[in-house]
Amino acid sequence: MPFDSSKRDPIVTDALEFQKLSSEAFGLQRKREDAALEFQVPELQWPEAVRTQRQGQTVQGVPIPARPMLSIPSLAQPIQGVYNQWANAHYGVQIHPQSHDADDDTAEIMQGLYRAIEVDSRAYIGRGWGFDRGLKAGFGAYRVDVVYDEATDDPDDLKIVIKRILRQASVYWDPFAVEPDFCDQRRNLIVSFISRADFKREHPEASVSTMNSDDLLDMQSQMPNWARLNSSGERESGQLKWYDAANDTVCVAEFFYTEWVEEDLPAGSQRPKRKKPVIKWAKINAVEVLDSRTWNGDYIPIIPVIGSELQPFDAERRWQGMIEPNADSARLLNYEVSNAVETDALRPKAPFIGFVGQFKTNQAQWQLANVRNLPYLEADPVMVGGQLAPLPKRNETSVDLSSSIALIQLARESIQTGTNVVDATALEAMAKRRVAKDTIGAMQDGNAMSQSHFLQNMADITMTYEAKVVCNLIPKIYDRPGRVAQVLGENNDRREVMLNAPFVVNPKTKRPMQVPQGVGIQPLKAEPKNYDLTKGKYGQVISIGKSYKTRAMQGSDALGEIIKGIPETAMPLLPIWLRFQDFPGHEEAEQVMKKLQPPQLQAPEDGEEETIETVRTQRDQAAATVEQLSKVTQEQQKVIETDQIKAQAEMQKAQISAQVDVQKAQLDNETKLAIARMNADVELQIAAEKTRAEQARTLADASTKAALQDDQQRHEHGEKALDRHHDTAQLAQQTELAEAQAESQFGREAASSEMEHAHGMESQSQSETAAAEQAERAAKAKATPTNGASA
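Values in this document were obtained by computation on a predicted structure and should not be read as measured data. (Residues numbered from 1 in each chain as written. Predicted model: local features only at pLDDT ≥ 70, side-chain atom pairs only at ≥ 80, totals over all residues. Heavy atoms only, no water.)

**Overview of a nonpolar patch on the surface**
Judged by side-chain polarity, Met571, Val592 and Leu596 come together as a nonpolar surface patch covering roughly 270 Å² of accessible area. Residue position: Leu596 is located in the loop between α17 (586-595) and α18 (612-717). Since its relative accessible area comes to 53%, Leu596 is described here as exposed. (Patch = residues over 30% accessible without salt bridge, like charges linked within 9 Å, V, L, I, M, F, W, Y side chains within 5 Å. Areas by Shrake-Rupley, 256 points an atom, 1.4 Å probe, with all protein chains shown as cover. Salt bridge = Lys/Arg side-chain N within 4 Å of Asp/Glu carboxyl O. Helix = DSSP H or I, 4+ residues; strand = E, 2+ residues; numbered from the N terminus. Buried < 20%, exposed > 50% of the residue type's maximum accessible area, 1.4 Å probe, protein only.)

Written as structure tokens, this is what we have:
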């Protein structure tokens, strides 16, 4: 009987409406993603219209072969290069306490549990599959799921796994989410096909399981139409395909949706009640709900992988990978390489040309002359102007491929510009042109940095949301008190811990052992530990670094260099160096080297418990060591004090000696200044005496000259001067007497000056001697204090 659509479950109806809404919102984005992924196949890089034009044809009954369509995988190397960067990177999830009831030890256990989840569920497969699609098409996805843990004692225990989604286009996202990681989405749908036989085995009670092929096709015909966008961007109607008759498969979907419930407030709270979201999960087919439950976490566990999100300029959101913006450059390379090959293939081959009779007439050969190398061509004789026309000739000029070569180089440069990845050959050529310090390795590191936004989006968007989902699930999935779980250390070393209950390590089995409630700790056991994951809130930080294997190799090399450079560090560092090796027997060698370590460097084995006696012995040894150190310190303090007294005495002696030297220097300088002043005064006095003597001599000369002039005048006048002869003679005698008196006075004054100078020099020498003796007495008085105090 026909399928009655009114019997469809309301949740299924909501899922169908949501799929229609999501398909309309992301229709063009899905088509761009499909076109980018189709570009991975070399032969599909040529548009369908171009492929049709280049196919083989038949013209006038003559078959013309297809034109060459070469496809160069020019984008494969840049994409693989960025993917290798991601594969060699290490995304560390650092968990830290946020609330007052959270602690660092529990955060470390949660981080170790997270590492174990990553390793056990092979998270790199799901992440890598999603990253590959996001890198190529701009958008990918993987999921966090919860399954039963078969490795524990309790069959109801669950565990968290990180899994890939094979067909990531089957994920329908909430168009109303605005965050880049879709953490605020309220609905999500994942569809997949399984065989009808598997569906019947897993869901024997489902109504679809009782339907035959005709009933399923009838149900398919009654499925609601939903709008989608064609290649031109126009809306068109289609049908949801819930049954594939060709493959006899049934579509099954997982539907995450949100219900809002009022929160419970404590008594006396004044805050108004609010509705909080609760995530629901349902497994459905086209008719009914196969399974449903409340999801354990607070977030929808579908993790998006973002390539590059473009700034919106209309109602549509767009994401791009590396293929879409570089597809035209890759097509240009394909076109020009094919054109160059085709042009070179059509190069004239200089066939043999003769008259009819030498070769048989064959028109088809002339038609194929430009596409095939023919052994000969026939030409019919033609009369022109009564004369036989010359034979046809080929254009023997060489084919010019310069334009194609230039366009090929332009296409390669465009691909490198669009992908921001330079191929290894170009890097090597650039390195040869640069200075020696710019090595190829350094240039490759810079080349990797140009694509860091893909890796950064993986950390900031994808891994951050994954950590939020996983850390929100851990306290709710690993909540059973006394559950034993494996945690992974930073060096990938495993150990077992007990969760949500106090425990100690059994010294025999080396496994966690729960401490009974209400019973005191045994005297010989260490203090119990308790990692309660249900208390406190924890935050997450994502860091990008190198993979563990790369870091281990670099650490091994660094330790090896230290051991070579400082041989005395070999004994304590060799066990650590051996731990990071991977050659056969490195673990046994590490254990041997540990046993050869000095006692103070030997740590207790894993799981070994310290007894109270051991603790007391260590305490007594520590006390004795402290006492010995105190004695040694006191003796050293006394020695230091004695040395300090000696040093102070030497310092005071040096200070006194320095002061005496300074005072002696000052007295010497003062004495020298006094002598200099006295010499200057004596010289001034001598100069003054000489000046006065010169003045007297000058006056005498002037008098003598005047007397001679008078004598001359008397002689000239003759008799007129005779009456005054007596007066002139008397004047001459007086002048001679004055000169003698002047010379006598000058001699007496000079002798007196010399006596005064000698007396001054003797007084100066006595002053200098007295000053020196006084300075020496003052220095001796300061150097030998009488009251015991320092000078």
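Back to the text.
**With respect to helix α6 (residues 123-137)**
Taking 1.5 Å of rise per residue, 15 residues should cover 21 Å, and α6 covers 21 Å from first to last C-alpha, within 8% of that figure. Among the 15 residues of α6, 12 are classified as buried, and the element is accordingly described as predominantly covered. Those residues of α6 lying buried are Ala123, Gly126, Arg127, Gly128, Gly130, Phe131, Asp132, Arg133, Gly134, Leu135, Lys136 and Ala137. Positive backbone phi, at 105°, marks Gly138, one or two positions downstream of α6. (Expected span 1.5 Å × (residues − 1).)

**A closer look at the environment of Ser338**
Here Ser338 is to be found in helix α9 (residues 327-345). The class for Ser338 is buried, based on a relative accessible area of 0%. Here the alpha-carbon distance between Ser338 and Ser71, two residues 267 residues apart in the chain, equals 8.3 Å. If sequence neighbours within four positions are ignored, Ser338 has contacts with Trp46, Pro68, Met69 and Leu70. Within the structure, the side chain of Ser338 is placed 2.8 Å from the backbone nitrogen of Leu70, a separation counted as a polar contact. Polar contacts involving the side chain of Ser338 include one to the main-chain carbonyl oxygen of Asn334, which spans 2.8 Å. (Contact = heavy atoms within 4.5 Å. Polar contact = N/O pair within 3.5 Å; in protein donor to acceptor, adjacent residues only side chain to side chain.)

**Structural notes on the packing of helix α2 (residues 27-38) against α6**
Close contact between α2 and α6 brings their axes to 9 Å; oriented N to C, the two are set at 100°. For the element pair α2 / α6, the angle class is roughly perpendicular. Residues Gln29, Glu33, Asp34, Ala36 and Leu37 of α2 touch α6, and the partners they reach there are Arg133, Lys136 and Ala137. Tallied by class, the residues present in the contact of α2 with α6 amount to 3 nonpolar, 1 polar and 4 charged. (Axes fitted to C-alpha atoms, helices over the stretch in contact; angles between N-to-C directions. Parallel < 35°, antiparallel > 145°, perpendicular 65-115°, else oblique. Nonpolar A, V, L, I, M, F, W, Y, C, P; charged D, E, K, R; others polar.)

**Observations concerning unusual backbone geometry**
Positive phi outside glycine occurs at Asp248, with the angle close to 55°. For Asp248, a relative accessible area of 30% gives the class partly exposed.

**Digging into the pairing of strand β4 (residues 139-148)**
Taken across its 10 residues, β4 has 8 buried, putting it largely inside the fold. The pairing of β4 with strand β14 (residues 302-306) spans 5 bridges and is antiparallel. Opposite Gly140, over in β14, you have Val305 as the bridge partner. Here β4 runs beside strand β5 (residues 158-164); their pairing, made up of 7 bridges, is antiparallel. Bridging from a neighbouring strand, Val147 pairs with Lys159 of β5. (Pairing = 2+ DSSP bridges.)

**Quick look at the pattern of salt bridges**
This model, assessed by the stated rule, comprises 23 salt bridges. Between Arg133 and Glu33 there is a salt bridge; the shortest N-O distance is 3.0 Å. You can see Arg133 sitting in helix α6 and its partner Glu33 sitting in helix α2, a full 100 residues away along the chain. Each member of the pair, Arg133 as well as Glu33, is classed as buried. Where Arg196 meets Asp248, a salt bridge forms, and the shortest distance between an N and an O atom there is 2.8 Å. Of this pair, Arg196 sits in helix α7 (residues 196-202) while Asp248 is found in the loop between β10 (243-244) and β11 (249-262), placing the two residues 52 residues apart along the sequence. A relative accessible area of 11% places Arg196 in the buried class. Look at the salt bridges and you will find they share partners, linking Asp149, Asp154, Asp157, Arg480 and Arg483 into a network.

**So, the packing of helix α16 (residues 570-579) against α17**
Interaxial distance between α16 and α17 falls to 8 Å at its minimum, and their mutual angle equals 160°. Here α16 is positioned roughly antiparallel relative to α17, judged by the angle of their axes. Handedness of the α16/α17 crossing: left-handed. Two secondary-structure elements touch here, α16 through Met571, Leu574, Pro575, Leu578 and Arg579 and α17 through His586, Ala589, Glu590, Met593 and Lys594. Along the lines of polarity and charge, the residues of the contact of α16 with α17 split into 6 nonpolar, 1 polar and 3 charged. (Left-handed = near helix turned anticlockwise from the far one by under 90°.)

**A few points about the packing of aromatic side chains**
Scanning all chains against the criterion turns up 15 aromatic pairs. Geometrically, the ring pair formed by Phe18 and Phe255 is tilted, given 6.1 Å between the ring centres and 40° between the ring planes. On the criterion of sequence distance, the pair formed by Phe18 in helix α1 (residues 10-25) and Phe255 in strand β11 is long-range, its members being 237 residues apart. Residue classification places Phe18 among the buried positions, given a relative accessible area of 0%. Accessibility expressed as a relative area gives 2% for Phe255, which makes it buried. Aromatic ring contacts, followed pair by pair, group Phe26, Phe139, Trp173, Phe182 and Trp319 into a single cluster. The cationic tip of Arg30 hangs over the ring face of Tyr172; the distance from NZ or CZ to the ring centre is 4.3 Å. (Phe/Tyr/Trp six-rings, centres within 6.5 Å; stacked < 30°, edge-to-face > 60°. Lys NZ or Arg CZ within 6 Å of the ring centre and 35° of its normal.)

**As for the sheet that holds β14**
In spatial order, the strands read β5-β4-β14; together these 3 strands make up an open sheet with antiparallel pairing. Every other strand in the sheet has two partners, leaving β5 and β14 as the edge strands with one partner each. Geometrically, the sheet is characterised by an average inter-axis angle of 25° between neighbouring strands, direction not taken into account. Where α6 meets the sheet, it contacts β4, β5 and β14, and its direction lies at approximately 160° from that of β4.

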